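The chain contents come next:
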Amino acid sequence: MKKYAVKLSLSRLEKEKITVDGSFDEGFLDLGNDDFISVKSSVNYNFEAELHASGVVIRGSASVRIGGECGRCLKEVEQDVSTDYTLFIDELGNSDEIDVSEDIREELLLAFPANILCSDDCKGLCPVCGTDLNKKNCPCSNNAPAAPSPWDKLDELGK
Ligand SMILES: [Zn+2]
Ligand SMILES: [Zn+2]
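Owing to the predicted nature of the structure, the values given are computational and were not obtained by experimental measurement.

Here we take up the nonpolar core. Here is a general trend for soluble globular proteins: nonpolar side chains tend to be buried in one another's company. Leu8, Tyr45, Phe47, Ile58, Val64 and Val100 are the most contacted members of the largest nonpolar core, which has 32 residues in total. Listed by contribution, the elements that provide at least two residues to this core are helix H1 (10–13), strand S2 (18–24), strand S3 (37–39), strand S4 (43–52), strand S5 (55–69), strand S6 (76–89) and helix H2 (101–110). Apart from residues lying up to four places away in sequence, tyrosine 45 is in contact with Val6, Val20, Asp21, Gly22, Ser23, Phe24, Ser61, Ala62, Tyr85 and Ile104.

Next up on the list: the coordination of the zinc ion (ligand 2). At the metal site, the zinc ion (ligand 2) is ligated by Cys126 (SG), Cys129 (SG), Cys138 (SG) and Cys140 (SG), and these contacts range over 2.3 Å. Given four donor atoms and angles of 104 to 114° at the metal, the environment of the zinc ion (ligand 2) is assigned as tetrahedral.

This next bit is on the coordination of the zinc ion (ligand 1). Geometrically, a metal with four donors at the corners of a regular tetrahedron has ideal angles of 109.5 degrees, and one with six donors at the corners of a regular octahedron has ideal angles of 90 or 180 degrees. Protein coordination at the zinc ion (ligand 1) comes from Cys70 (SG), Cys73 (SG), Cys118 (SG) and Cys122 (SG), with a distance range of 2.3 Å. Bound by four donor atoms, the zinc ion (ligand 1) shows angles of 104 to 114° at the metal and therefore tetrahedral coordination geometry. Read in sequence order, the donor residues coordinating the zinc ion (ligand 1) give the pattern C-x2-C-x44-C-x3-C. Of this pair, cysteine 70 sits in the loop between S5 and S6 while cysteine 118 sits in the loop between H2 and helix H3 (150–157), and the two are 48 residues apart along the sequence.

Here we take up the packing of aromatic side chains. Summed over all chains, the structure comprises five aromatic pairs. Taken together, the aromatic side chains of Tyr4, Phe24, Phe28, Tyr45 and Phe47 make up a single cluster linked through ring pairs.

Enumeration according to the criterion identifies eight salt bridges in this entry. A salt bridge links arginine 65 to aspartate 80; its shortest N-O distance comes to 2.9 Å. Placement of arginine 65 in strand S5 and of aspartate 80 in strand S6 is noted, with a sequence separation of 15 residues between them. You can call arginine 65 partly exposed: its relative accessible area is 28%. Close ionic contact of arginine 105 with glutamate 102 constitutes a salt bridge, the shortest N to O distance being 3.0 Å. Taken as a pair, arginine 105 and glutamate 102 lie in helix H2 at a separation of three residues, close to a single helical turn. Owing to a relative accessible area of 15%, arginine 105 belongs among the buried residues under this scheme. Among the charged side chains, a salt-bridge network with shared partners connects Arg65, Glu78 and Asp80.

Criteria and thresholds
Residues numbered from 1 in each chain as written. Chains lettered and ligands numbered in written order. Predicted model: local features only at pLDDT ≥ 70, side-chain atom pairs only at ≥ 80, totals over all residues. Heavy atoms only, no water. Core = buried A, V, L, I, M, F, W, Y, C linked by side-chain atoms within 4.5 Å. Buried < 20%, exposed > 50% of the residue type's maximum accessible area, 1.4 Å probe, protein only. Helix = DSSP H or I, 4+ residues; strand = E, 2+ residues; numbered from the N terminus. Contact = heavy atoms within 4.5 Å. Donors = N, O, S within 2.8 Å, 3.2 Å for Na, K, Ca; no water. Tetrahedral: all angles 85-135°; square planar, octahedral: opposite > 155°, others 65-115°. Phe/Tyr/Trp six-rings, centres within 6.5 Å; stacked < 30°, edge-to-face > 60°. Salt bridge = Lys/Arg side-chain N within 4 Å of Asp/Glu carboxyl O.

Bear in mind that shape data such as this cannot, by itself, settle questions of function.
Encoded structure:
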């Protein structure tokens with residue numbers, strides 16, 4: 001028995017559109033051992049399902065709040081993720097019911113950011129001393145996190 005299911009009755013869809021509005025607890029996303037992202041709210045979803053000759057069309061949205069470390073400065077941040085989706089389900093099987101929970105889950109996971117940032121212009125940590133450059137500057141390199149330039153060597157030779 002699956003804990004999370006969003007079931008639609010095909011016989012009911014034959015008669016009318018179905019509008020669904022619901023939420024699941026954070027376990028729904030099943031992120032497993034993802035240490036980088038945690039789920040901070042329940043998952044909300046809503047959609048409208050309509051039966052067409054060749055399958056069921058589902059249009060809706062889903063949202064959740066997630067948290068994790070800023071990819072640059074490691075500060076803990078939270079952000080909202082939401083997505084609008086259109087699903088087309090043409091493998092209806094033999095049962096009267098279809099379960100679209102997995103489809104909704106996948107759509108929402110696709111909307112997750114590759115990188116969580118505390119802000120788009122986060123300056124990050126100094127790669128040398130680890131100072132949070134959003135808070136203060138450090139003496140390391142005038143905060144140009146530059147790759148060593150070939151000219152550095154020449155400069156040293158000239159000394
Ligand atoms: Zn940051
Ligand atoms: Zn530094």
